[in-house]
Amino acid sequence: MKKYVWFIAVAILVLIPLLAACGGTPTPPTTPPTTPPPTTPAPTTPPPPPAATPTAIPHTLEGRDDCLMCHASGTYAVPADHAGRTNDTCTGCHQSA
């Protein structure tokens with residue numbers, strides 16, 4: 001009978017720490033690190049809306065068919081949204097008054 005008591009005592013002494021280690025508080029599952037959402041650039045000011053109708057050419061075109069000769073820069077320069085357009089495209093929208 002003493003053998004069984006010793007056996008049970010040893011088994012309890014071994015199993016208690018073993019069960020405590022296995023069945024203790026569970027470790028939380030690891031989650032992958034989150035990446036911050038991509039940053040968006042600050043909004044820029046939108047270009048002004050185009051005029052409802054193109055402005056009229058306030059002068060005759062006789063001898064003045066090179067629009068960019070006078071309107072490439074200065075007070076009466078073409079607007080920025082017309083950059084890259086040629087003389088041929090001016091009279092496509094703008095008509096002489």
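Provided above is the structure to which this section pertains.
Okay, so let's go over this structure. Being a predicted model, the structure only gives us computed values, none of them experimental.

Attention now moves to the overall build of the protein. When its secondary structure is counted, the protein shows three helices and zero strands. By residue count, 3% of the 97 residues in the protein fall in the buried class. For the protein, the exposed surface amounts to about 9200 Å²; the carbon and sulfur share of it is 69%.

Taken together, the side chains of Y4, F7, I8, I12 and I16 make up a nonpolar region of the molecular surface, amounting to roughly 590 Å² of accessible area. Relative to the helices and strands, I16 is located in helix 1 (residues 2–23). By relative accessible area, which is 55% here, I16 ends up exposed.

What counts, and at which threshold
Residues numbered from 1 in each chain as written. Predicted model: local features only at pLDDT ≥ 70, side-chain atom pairs only at ≥ 80, totals over all residues. Heavy atoms only, no water. Helix = DSSP H or I, 4+ residues; strand = E, 2+ residues; numbered from the N terminus. Buried < 20%, exposed > 50% of the residue type's maximum accessible area, 1.4 Å probe, protein only. Areas by Shrake-Rupley, 256 points an atom, 1.4 Å probe, with all protein chains shown as cover. Patch = residues over 30% accessible without salt bridge, like charges linked within 9 Å, V, L, I, M, F, W, Y side chains within 5 Å. Salt bridge = Lys/Arg side-chain N within 4 Å of Asp/Glu carboxyl O.

Read these as spatial facts, not as claims about activity.
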